[in-house]
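# Report on the structure
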Amino acid sequence: MSKSKYIILKERYYTDEKKTEPTWLEVKNHPIWKKITGKEIDRLTISMMATVIGYHYKLRKTGTFGLSIGGWLQNPHTGKRNEKQEKAIAIMVAIAVKEESIEILNEDANDIQNISHEYGNGGVYKLLEIINQESEKVIFDTLQSIMRKSI
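All values reported here derive from a predicted model rather than from experimental measurement.

Per the counting criterion, the structure on display carries one aromatic pair. Ring centres 5.4 Å apart and planes at 85° place the aromatic pair Y55 and Y119 in the edge-to-face group. Linking Y55 in helix 3 (residues 43-56) with Y119 in helix 5 (residues 109-131), this pair joins segments that are 64 residues apart in sequence. Taking relative accessible area as the criterion, Y119 reaches 2% and is therefore assigned buried.

Structure follows, in structure tokens:
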């Protein structure tokens with residue numbers, strides 16, 4: 001059995017790197033988040049929304065992803081994570097399984113993570129389009145509908 005069978009996601013989801021890419025930064029700093037939630041939004045939430053939106057609209061954008069030696073996804077079975085991080089893992093695995101089949105769990109762990117990265121990289125542009133709509137209600141309803149339908 002491969003090592004990845006035991007370490008489902010061995011590398012970080014690169015939410016910290018997205019702060020330097022202009023589209024991700026624009027989404028992160030958009031004023032709609034404070035209007036809808038009363039607070040700023042974190043990078044993990046944006047990453048997961050972009051990933052789900054990318055999956056929903058089949059906007060998979062390939063890219064090159066570097067390797068990391070740390071992070072809360074490195075060893076999901078032993079690390080300490082909060083509820084939001086647990087949900088992120090579930091979303092990433094669910095999308096990978098829906099996209100490739102249950103057999104992906106026997107493949108290299110990076111495959112699971114890269115699928116999420118690719119859908120997130122495609123979905124962030126659609127997310128920006130959604131949050132730039134004029135009505136807060138339309139934005140919220142659109143995001144909620146996509147999240148419910150996709151996973």
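We now examine the packing of helix 3 against helix 4 (residues 83-100). Each pair of packed helices can be described by the angle between their axes along with the distance between the axes. Where helix 3 contacts helix 4, the two axes come as close as 11 Å, and the packing angle between them is 20°. Here helix 3 is positioned roughly parallel relative to helix 4, judged by the angle of their axes. Where helix 3 crosses over helix 4, the two elements pack in a sense that is left-handed. Counted together, L44, T45, M48, T51, V52 and Y55 of helix 3 and K84, Q85, A88, I91, M92, I95, K98 and E99 of helix 4 form the full contact between these two elements. Tallied by class, the residues present in the contact of helix 3 with helix 4 amount to eight nonpolar, three polar and three charged.

To continue, consider helix 3. Under the 1.5 Å per step criterion, the end-to-end length of helix 3 is 20 Å for 14 residues, consistent within 8% with the ideal 20 Å. Of all the positions in helix 3, only L44, I46, S47, M48, M49, A50, T51, V52, I53, G54 and Y55 are classed as buried. For helix 3, the side-chain oxygen to backbone nitrogen distance between the N-cap and L44 is 3.1 Å, and the N-cap itself is D42. Once helix 3 finishes, K58 follows within two positions and takes phi at roughly 55°, a positive value.

What follows deals with unusual backbone geometry. The backbone of K58 shows a phi angle near 55°, a positive value even though the residue is not glycine. Here K58 shows up in the loop between helix 3 and helix 4. Positive phi outside glycine occurs at S101, with the angle close to 110°. With respect to the secondary-structure elements, S101 resides in the loop between helix 4 and helix 5. When its relative accessible area of 32% is taken as the criterion, S101 is described as partly exposed.

Glancing now at the environment of V27. In this fold, V27 is placed in helix 1 (residues 22-28). Spatially, the C-alpha atom of V27 lies 9.4 Å from that of I41, the residues being 14 residues apart in sequence. Discounting chain neighbours no more than four positions away, the residues touching V27 are W33, I46, V124, L127, L128 and I131.

To continue, consider the environment of K84. With respect to the helices and strands, K84 occurs in helix 4. For K84 and M48, which are 36 residues apart along the polypeptide, the C-alpha to C-alpha distance reads 10.0 Å. The residues touching K84, leaving out its near neighbours within four places in the chain, are D42, L44 and T45.

What follows deals with the pattern of salt bridges. Tallied over the entire structure, the rule returns ten salt bridges. Here E99 and K58 are joined by a salt bridge, their closest N and O atoms 3.8 Å apart. Taken together, the residues E99 in helix 4 and K58 in the loop between helix 3 and helix 4 connect sequence positions 41 residues apart. Residue E99 is classed as partly exposed on the basis of its relative accessible area of 28%. Between K87 and E83 there is a salt bridge, and its shortest N-O distance comes to 3.1 Å. Taken together, the positions of K87 and E83, both in helix 4 and four residues apart, correspond to about one turn of that helix.

Basis of the calculations
- Residues numbered from 1 in each chain as written.
- Predicted model: local features only at pLDDT ≥ 70, side-chain atom pairs only at ≥ 80, totals over all residues.
- Heavy atoms only, no water.
- Phe/Tyr/Trp six-rings, centres within 6.5 Å; stacked < 30°, edge-to-face > 60°.
- Helix = DSSP H or I, 4+ residues; strand = E, 2+ residues; numbered from the N terminus.
- Buried < 20%, exposed > 50% of the residue type's maximum accessible area, 1.4 Å probe, protein only.
- Axes fitted to C-alpha atoms, helices over the stretch in contact; angles between N-to-C directions.
- Parallel < 35°, antiparallel > 145°, perpendicular 65-115°, else oblique.
- Left-handed = near helix turned anticlockwise from the far one by under 90°.
- Contact = heavy atoms within 4.5 Å.
- Nonpolar A, V, L, I, M, F, W, Y, C, P; charged D, E, K, R; others polar.
- Expected span 1.5 Å × (residues − 1).
- Polar contact = N/O pair within 3.5 Å; in protein donor to acceptor, adjacent residues only side chain to side chain.
- Salt bridge = Lys/Arg side-chain N within 4 Å of Asp/Glu carboxyl O.

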